[in-house]
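# Observations on chain architecture
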Amino acid sequence: MGVQDAEPLDVERIREDFPILDREVGEGTDLVYLDNGATSQTPESVVETMSEYYRTYNANVHRGIHRLSQEASIAYEDAHDRVAEFIGASGGREEVAFTKNTTESMNVVAYAWGLSELGPGDEVVLTQMEHHAALVTWQQIAKKTGAEVKFIRVTDDGYLDLDHARELITDDTEMVSVVHVSNTLGTVNPVSELADLAHDHDALFFVDGAQAVPNRPVDVEAIDADFYAFSGHKMCGPTGVGVLYGKRHLLEEMDPYLFGGMMIKKVTFEESKWNDLPWKFEAGTPPIAEGIGLHAAVDYLESIGMDRIQRHEERIVEYAYDRLTDHDDVTVFGPPGDDRVGLVSFDLDGVHPHDVSQILDEHGVAVRAGDHCTQPLHDVLGVSATTRASFYLYNTREEVDALVEAVDAARELFAV
Ligand code: C6P
């Protein structure tokens, strides 16, 4: 059974897991939360799991031999195994380090691998649709090492130009770093194909999965990603915890990025020996409650089914795309409505996105306006900012209608 056949979600039931969705954001104005690409809401089971940690076994991990520390350590370590299983990493916890967020995961690899492996003549290939998390990071590492960064073009309809990718990825390429799902265009990139291209030239392949893991089944081994990064707070989990998956042999070969306590096995005044994976990449006290909360988020998402969540978003976004583009003065950037993830970044002719989002806010509709941390992509699109509505498992068609009505109100208000 494919994603197309996935059973529809019982959204009304799911909404009961998220009490925040019932709140008002003004006198008699219901919240319509369409800013999930920035941060998703948190189900009760995750809040409860984290509260239980603080209420009953709050302690530091890996250190104490007392009961609370043992319980916290087991729960924290188990969370790594659960996340590994969720993304198809057969090496378990050793291939999954917890970080602060996707950005930090990117920096770990850029600094730990990039600084020592890159030099003049080497190339890092990104795409024009990269988030600043990848773009700025590799740009800085390239400056420090003398390597060059190249960008795979985005076509007019929001896809990657794969002919250009084949041209750019050569034997000089050491790293190909690609966003799995664009947070601005909603494009789903052909990551397996790009992994093959990178590996054909002995380059490593890094996937930024911040917008993919929350809404579709992801199997890092099927993709053949060398590294894969994502954040807890976009997938029903807490802020403050992110994930770096790496193939075991690569993580073993890499030096740590941050140094200090917990990441060492033996220290003398002259030398230090690194801890086992993944702790070697988790210096200092890690995000314990957050890691345990992420475990609960994964349990929650899987209890619903990632294929069902993907299909739900596809249905919602197709409806939103059709309704918004009913009007000639709305431009939705990226692929057509039936080939994108659950987000739409759009321009309402003659009205600045900040004004649009303010009117939407007055109608209770929470969206994001700006460059979504993809300024160079916005240069390619020829706009400085867009308004973005991003959907998740608890959003309804009625909420899309509320969005469209609020856009109508903005149109009327600013009509010249
Ligand atoms: N995008 C958005 O509103 P952090 O902030 O480290 O958790 O995630 C960074 C990040 C990396 N890659 C992609 C594709 C992303 O979408 C994000 C976060 C948010 O689109 C905040 S800019």
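These figures come from a predicted structure and were not determined experimentally. (Residues numbered from 1 in each chain as written. Predicted model: local features only at pLDDT ≥ 70, side-chain atom pairs only at ≥ 80, totals over all residues. Heavy atoms only, no water.)

## What to know about the overall build of the chain
- A count of helical and extended segments in the chain gives 14 helices and 15 strands.
- Computed over C-alpha atoms, the radius of gyration of the chain comes to 22 Å, within 12% of the 22 Å expected from 2.2 N^0.38 for 416 residues, which places it in the range of a compact globule.
- In terms of overall dimensions, the chain has a C-alpha envelope of 70 × 55 × 40 Å along the principal axes.
- Here the chain holds 416 residues, and the buried ones make up 58% of them. (Helix = DSSP H or I, 4+ residues; strand = E, 2+ residues; numbered from the N terminus. Rg over C-alpha atoms; globule rule 2.2 N^0.38 Å. Buried < 20%, exposed > 50% of the residue type's maximum accessible area, 1.4 Å probe, protein only.)

## Describing the site of the ligand
- Around the ligand lies a shell of 18 residues, among which T103, D208, Q211, S231 and R368 are the nearest.
- H131 places a side-chain nitrogen or oxygen 3.4 Å from a nitrogen atom of the ligand.
- In the model, an oxygen atom of the ligand is placed 2.8 Å from a nitrogen or oxygen of the N183 side chain.
- Alone, the ligand offers 510 Å² of accessible surface; in the complex the protein occludes 90% of this.
- Split into classes, the residues belonging to the shell around the ligand amount to 5 nonpolar, 9 polar and 4 charged.
- When residues are assigned to domains, the shell around the ligand turns out to be shared by domain 1 (3-39 + 306-413) and domain 2 (47-302), each giving three or more. (Near = heavy atom within 4 Å. Polar contact = N/O pair within 3.5 Å; in protein donor to acceptor, adjacent residues only side chain to side chain. Areas by Shrake-Rupley, 256 points an atom, 1.4 Å probe, with all protein chains shown as cover. Nonpolar A, V, L, I, M, F, W, Y, C, P; charged D, E, K, R; others polar. Domains from an automatic or database assignment.)

## Re the domain arrangement of the chain
- As assigned here, the chain comprises domain 1 (3-39 + 306-413) and domain 2 (47-302).
- In this structure, domain 1 and domain 2 have C-alpha centres spaced 28 Å apart.
- Counting from both sides, the interface comprises 33 residues of domain 1 and, opposite them, 31 residues of domain 2.
- With both chains or domains summed, domain 1 and domain 2 bury close to 2,600 Å², and 59% of this area falls on carbon and sulfur atoms.
- Of all residues in domain 1, the largest losses of buried area upon contact with domain 2 belong to M306, V341 and L377, amounting jointly to 24% of the total for that side.
- At the boundary of domain 1 with domain 2, the tally comes to 0 salt bridges.
- Where domain 1 meets domain 2, there are 17 residue pairs in polar contact (both at pLDDT 80 or more).
- Where the side of domain 1 that touches domain 2 is concerned, the elements lending two or more residues are α11 (306-324), β12 (343-348) and α13 (375-381).
- The dominant element in the side of domain 1 that touches domain 2, judged by the number of residues it contributes, is α13, at 6 residues.
- In the side of domain 1 that touches domain 2, the residues fall into 17 nonpolar, 9 polar and 7 charged. (Contact = heavy atoms within 4.5 Å. Buried area = accessible area lost by both parts, 1.4 Å probe. Salt bridge = Lys/Arg side-chain N within 4 Å of Asp/Glu carboxyl O.)

## Side note on the environment of T187
- Turning to its location among the elements, T187 is positioned in the loop between β5 (173-179) and α7 (191-200).
- If sequence neighbours within four positions are ignored, T187 has contacts with M129, G158, Y159, H180, V181, S182 and P335.
- Among the polar contacts listed, one links the side chain of T187 to the backbone oxygen of G158, at a separation of 2.6 Å.

## Some thoughts on the sheet that holds strand β11 (residues 330-333)
- One open sheet accounts for 4 strands, arranged β11-β12-β15-β14; its pairing is antiparallel. What marks the edges here is a single partner per strand, and that holds for β11 and β14 (368-370). Across the sheet, the mean angle separating the axes of adjacent strands is 30 degrees when strand polarity is ignored.
- In this structure, β14 lies alongside strand β15 (residues 386-390), joined through 3 bridges in antiparallel fashion. What sits directly across from G370, in β15, is T386.
- Strand contacts of helix α14 (residues 397-414): β11, β12 and β15, with the helix running at about 15 degrees to β12, the strand carrying the most contacts. (Pairing = 2+ DSSP bridges. Axes fitted to C-alpha atoms, helices over the stretch in contact; angles between N-to-C directions.)

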